[in-house]
Every structure is written in C-alpha cells, then in structure tokens.
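Overview (structure and organization)
Below, each chain spelled out in residue letters.
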Amino acid sequence: MQKKEYYLPYGHQYIDEEDIKEVVKVLKGDWITQGSKVAEFGKDLADYTGAKYAVVFNSGTAALHTAYFAANIKEDDEIITSPITFLSTANAALFLRAYPVFVDIEKDTGNINPDLIEKAITKRTKAIIPVDYGGYPVDLEKISKIAKKHNLLVIEDACHALGAEYRYSSQPSTHHLQLDNWVKVGNCRYSDMTIFSFHPVKSITTGEGGAVLTNNKKFYEKLLLFRNHGVTQNPDKFLNKDLVSGPTSHLLPSWYYEMQLLGYNYRLTDIQCALGISQLKKLSKFIQRRREIAQIYQDAFKNNDFFDLPQEKDYAKSSWHLYPIKLKDKYKNKKREIFAKLRGKGLGVQVHYIPVYWQPYYQELGYKKGICPNAEDFYRREISIPLYPAMSDEEIEYVTRKIFEVFKEV
Ligand SMILES: *Cc1c(COP(=O)(O)O)cnc(C)c1O
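Residues take numbers from 1 onward in each chain, read along the sequence in its written order. Residue-level local features of this predicted model are given only where pLDDT is at least 70; pairs of side-chain atoms are given and counted only at 80 or more, and the full residue set underlies all totals for whole chains, interfaces and linings. The side-chain figures draw on all heavy atoms in the structure; neither hydrogens nor water molecules are used.

Observations regarding the domain arrangement of the protein chain
For the domains described, the bounds stem from an automatic or database domain assignment. Split into domains, the protein chain comes out as domain 1 (17-230 + 262-281) and domain 2 (283-409). Inter-centroid distance (C-alpha atoms) of domain 1 to domain 2 is 24 Å. Facing 43 residues of domain 1, the contacting portion of domain 2 comprises 38 residues. Here the quantity called buried area is the total loss of accessible area, with a 1.4 Å probe, experienced by two parts when brought into contact, counted for both. Carbon and sulfur atoms supply 58% of the area buried between domain 1 and domain 2, which totals about 3,500 Å² over both sides. Contact with domain 2 buries surface across domain 1, with F102, Y133 and Y136 losing the most and accounting together for 18% of the total. Salt bridges, as used here, are contacts in which a Lys or Arg side-chain nitrogen is within 4 Å of a carboxyl oxygen on Asp or Glu. Our count for the domain 1 to domain 2 interface comes out at four salt bridges. Among the salt bridges present, the one from K313 reaches D108, with a minimum N-O distance of 3.3 Å. Here a polar contact is recorded for every N or O atom pair within 3.5 Å, except that within protein the pair must consist of a potential hydrogen donor and a potential acceptor, and residues adjacent in sequence are included only if both atoms are side-chain atoms. Applying the counting rule to domain 1 against domain 2 returns 25 residue pairs in polar contact (both at pLDDT 80 or more). If you list the elements that add at least two residues to the side of domain 1 that touches domain 2, you get α4 (87-95), β4 (99-102), β7 (165-167) and α9 (270-280). Elements are defined by DSSP. Helices are runs of H or I of four residues or more, strands are runs of E of two residues or more, and each kind is numbered from the N terminus. The element best represented in the side of domain 1 that touches domain 2 is α4, accounting for four residues. Partitioned by chemical class, the residues of the side of domain 1 that touches domain 2 number 24 nonpolar, ten polar and nine charged. Residue contacts are defined here by distance: any two heavy atoms, one from each residue, within 4.5 Å place the two residues in contact. Ten residue types, Ala, Val, Leu, Ile, Met, Phe, Trp, Tyr, Cys and Pro, are classed as nonpolar, four, Asp, Glu, Lys and Arg, as charged, and the remainder, Gly among them, as polar.

In structure tokens form, the structure reads like this:
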C-alpha cells in the first residue's frame with residue numbers, strides 16, 4: 001500500500017457544497033455587494049451571541065479600527081492590550097495616533113494578566129483591549145470591574161473566540177441556585193464591543209471578514225457610518241436641518257446623502273455574507289469537533305516530558321482556535337530544530353505570536369524589549385499544532401505520532 005503523504009496546516013477552513021450553493025445564488029442575483037445578505041448576516045451573529053447589534057466588516061482589522069474609532073480613541077490616547085496577539089490589535093490604535101500599552105500575560109492561558117492591568121492605567125488610558133488567546137476567553141468579568149472603576153471601555157478582541165463560552169458569577173440577589181450562567185463570547189455582557197474575524201483559519205470564514213458586536217446604540221450607529229465613508233442616507237439622521245425640516249423639506253431630493261465624519265470603505269459584500277450565513281449554521285458542529293480534537297490531544301499528550309498543554313479553567317470553554325503547546329525548560333532552546341523537524345514531517349505548525357513590540361516598527365517607536373517577560377518566555381516556548389474541524393481521526397493520530405517521533409529525535 002502507498003504511504004499517505006500529509007501536509008496538515010495549523011488551521012484550515014471547512015467549506016461544503018451548501019456554502020458554495022449559497023454563494024452562487026448571490027452571484028446569480030442582482031445584488032452582489034450591498035443587498036439583503038449584509039443585514040441578515042449581522043442579525044444572525046447578534047442572535048447567536050446574544051448581543052443587540054452586530055456590524056460586519058471586510059476584515060477583523062477593519063472591525064478593530066472601527067470599534068476603536070467608535071470608542072473615540074484618538075491622538076495621544078492609550079489603550080491597554082496584550083503583546084501576545086496578532087499585530088492588528090495594537091496597530092488599530094496606531095491608525096488613530098493612539099498608543100498601545102502592553103501588559104504581560106498569564107503563563108498558563110497566554111491571556112493578559114488582569115492583576116497587572118491597574119498598574120498600567122494612566123490619565124490617557126481610554127480602553128482595555130484583552131485578547132481571547134487561542135479561543136480561550138479572558139476573565140472579562142474581572143476586567144470589566146477594573147474598567148468600570150477607572151471609567152474605561154472594554155473592547156474584546158475575540159477574533160479567535162467565536163463559539164467560545166464563559167460563565168459569569170451568580171447575582172447575589174437571586175434565591176435560586178443559578179446553574180446555567182454560561183454565555184457565548186460576543187454577548188457583550190462585560191464588554192462595550194467585541195470583535196470577530198472571519199479569516200479562513202478562524203471559527204467560520206467569509207474569505208476575509210470581521211464583525212463588531214455591541215449592546216450600545218451610539219456605538220452601533222458610529223460603526224455603520226465609519227464602515228461607509230462616514231455617509232448616511234437615513235433622513236432621520238441628516239444634520240442639514242434646513243433640508244429635512246425647513247420650508248423646503250418636501251423637496252428633499254432622493255439623491256441626497258450626507259458625509260458626517262471621515263470614514264472608510266470597510267464594507268463586506270453580499271457574496272461573502274452568504275458564505276458567512278451558511279458557515280454560521282455549522283458553527284456549533286465546528287466547535288464540537290474542535291473540542292473533540294483538543295480532548296484527543298489532551299489525552300495523548302498527558303504527562304509527557306517534552307511540553308506543557310493548554311488548560312481550561314472552570315469559568316470558560318475554549319473555541320479551540322489554536323492548540324498551543326509550550327516547550328518544557330529542557331527543550332526551550334531547541335525550538336528552531338523542533339519546529340523545522342515538525343514541518344519536515346508534514347505538520348504545518350506555526351508560532352503565535354512574536355510579541356508585538358518586538359517588531360522593528362514598534363522598536364522604532366521606542367518600545368523596549370523585556371517589558372513583558374512572561375510574554376517573551378511564552379513566545380520562546382510556544383508552537384501551535386494542527387487543529388481544525390476537517391481533520392480526520394487518522395490525521396489526528398498522525399500528528400500525535402509525528403510529534404512524539406520528533407521529540408525523541410532531539
Ligand atoms: C485574525 C486576527 C485579527 C485580524 O483579523 P483579520 O480578519 O485577519 O484582519 C486580529 N486579532 C487577532 C487576535 C486575530 O487573530
């Protein structure tokens with residue numbers, strides 16, 4: 001029998017015939033960019049997460065940029081975030097001439113350490129922007145308490161965490177034992193806005209795409225404006241009152257629109273939204289499969305001598321965007337070799353992430369190496385191994401076998 005050749009990336013989309021059919025339907029229709037699918041996808045996301053409003057964007061980065069704008073983050077303001085994230089969490093602050101302040105992470109989860117946040121707050125701080133690293137939710141209840149105390153906003157970068165859940169503490173006033181306090185990430189119970197990405201490696205995909213969830217109408221309206229050049233066509237919102245309510249209001253021309261702020265074209269297309277709607281229907285199955293695969297890894301790698309495993313605490317359930325292993329001390333200095341050998345055996349491993357402030361651009365801005373020792377240590381140890389819903393049991397077994405092979409070689 002021919003030996004099977006594998007190349008298993010760390011993450012991959014899952015697209016089926018149904019998805020393709022939905023996209024083709026839009027392509028054959030009249031509206032391929034701004035038809036009914038945009039609002040429908042937004043509504044489905046709001047329904048799924050339990051948030052009041054969802055606004056979709058043409059990338060997670062555009063969604064972050066717009067959320068920060070809606071939060072009125074501007075020149076010389078500061079935002080507090082984690083260095084173990086994708087660049088755009090921090091870059092979106094720079095887009096607005098504001099500055100990210102990096103706070104160190106928890107060693108186990110890779111998430112920002114809530115206990116270190118208060119020390120980093122200054123008069124300029126506007127928002128705390130935690131990242132649900134690898135799909136594992138931050139302790140948002142704890143972070144929102146700190147934010148409230150200092151009058152800050154919480155914007156959750158949940159680009160990894162669509163489909164993750166967390167439990168909030170029971171209200172002391174209730175007499176019943178509340179057993180079911182679980183909510184979905186994105187419900188905005190403890191965040192002012194929560195951001196998702198629909199890049200192909202994320203929980204669901206629209207090719208490129210993203211969303212902001214919020215319960216706040218003011219934010220919602222600003223998000224809509226910024227997405228579309230700052231333009232509104234809604235007569236109720238026009239600022240030019242002469243036209244709307246003056247003696248000539250009956251002449252309000254139907255071509256009339258108003259630009260009220262400087263926005264961008266951050267719109268997601270109907271074509272992509274059709275894909276998103278169809279993908280969202282399968283999200284629960286995707287997450288269930290991700291959890292199964294993670295459990296197989298947890299069992300297979302239990303008590304091994306080479307690396308530490310990701311752990312869930314009792315307040316949250318991960319969406320398992322990543323399965324990050326962390327090399328034990330003995331292997332920490334062999335990461336390059338281990339990584340190359342894993343790639344050589346067909347495992348498309350990746351590293352999440354190089355601390356953002358290590359990037360030359362940030363170094364140039366004056367950020368110093370060494371400011372977040374846990375994050376830097378995490379970076380030296382971390383490797384993300386393949387995990388995505390389309391993996392077969394055979395492929396999972398292949399991954400575990402090859403990983404043990406590599407560690408026995410080094
Ligand atoms: C993917 C990702 C983003 C950016 O999303 P894009 O859709 O690629 O623009 C932002 N933050 C985190 C943590 C991400 O993983």
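Now that the structure has been shown, we can carry on.
Description of the site of the ligand
The ligand sits among 16 residues. The nearest are G60, T61, H160, S197 and K202. In this structure, an oxygen atom belonging to the ligand sits 2.8 Å away from a main-chain N or O atom of G60. Contributions of two or more residues to the shell around the ligand are made by α3 (60-70) and α4. The greatest single-element share of the shell around the ligand, amounting to three residues, is contributed by α3. Per-class residue counts for the shell around the ligand are five nonpolar, nine polar and two charged. Any residue with a heavy atom positioned within 4 Å of a molecule or strand is treated as near that molecule or strand.

Digging into the sheet that holds strand β17 (residues 382-385)
If DSSP finds at least two bridges between two strands, the strands pair. Across the sheet, which stays open at both edges, the three strands sit in the order β13-β15-β17 with antiparallel pairing between neighbours. With partners counted over all chains shown, the strands left at the sheet margins are β13 (307-308) and β17, one partner each. When β13 meets strand β15 (residues 323-327), the two strands line up antiparallel, connected through two bridges. The residue bridging F307 from the neighbouring strand is L327, located in β15. Axes here mean lines fitted to C-alpha atoms, for a helix over just the part in contact, with angles spanning 0 to 180 degrees between N-to-C directions. Seen against the sheet, helix α10 (residues 283-301) touches β13, β15 and β17 and runs at an angle of roughly 25 degrees to β15.

Points about the packing of aromatic side chains
Between 30 and 60 degrees the pair is tilted, below 30 it is stacked and above 60 it is edge-to-face, where a pair is any two Phe, Tyr or Trp rings, Trp via its six-membered ring, whose centres lie within 6.5 Å. Throughout the structure, instances matching the rule amount to 30 aromatic pairs. Look at Y6 and Y398: their rings are 4.2 Å apart centre to centre, the planes differ by 45 degrees, and that puts the pair in the tilted class. Of the two residues, Y6 is situated in the segment before β1 (8-9) and Y398 in helix α15 (residues 393-409); the sequence distance between them amounts to 392 residues. The burial state of Y6 is the same as that of Y398; both residues are buried. Buried, partly exposed and exposed residues are distinguished by accessible area as a fraction of the type maximum, computed with a 1.4 Å probe on protein chains only: under 20%, between the cut-offs, and over 50%, respectively.

Concerning a nonpolar patch on the surface
A surface patch of nonpolar side chains, about 380 Å² in accessible area, is lined by I15, I20, V24, L27 and I32. With respect to the helices and strands, V24 occurs in helix α1 (residues 17-27). Surface patches are defined over residues having more than 30% relative accessible area and no salt bridge, joining like charges when they lie within 9 Å and nonpolar side chains (Val, Leu, Ile, Met, Phe, Trp, Tyr) when within 5 Å. Methods summary: accessible areas were calculated by the Shrake-Rupley approach with a probe of 1.4 Å, and residue burial reflects only the protein chains presented.

Description of the packing of α1 against α9
Where α1 meets α9, the axes come as close as 8 Å, and the angle between the chain directions of the two elements is 150 degrees. Considering the angle they form, α1 stands roughly antiparallel to α9. Considering only the axes of α1 and α9, their crossing is right-handed. Of α9, the residues touching α1 (which contributes E18, D19, E22, V23, V26 and L27) are D270, I271, A274, L275, S278 and Q279. Partitioned by chemical class, the residues of the contact of α1 with α9 number six nonpolar, two polar and four charged. Orientation labels follow simple angle bins: below 35 degrees gives roughly parallel, above 145 gives roughly antiparallel, 65 to 115 gives roughly perpendicular, and whatever is left gives oblique. In this scheme the crossing of two helices becomes right-handed for a clockwise turn of the near helix relative to the far one and left-handed for an anticlockwise turn of less than a right angle.

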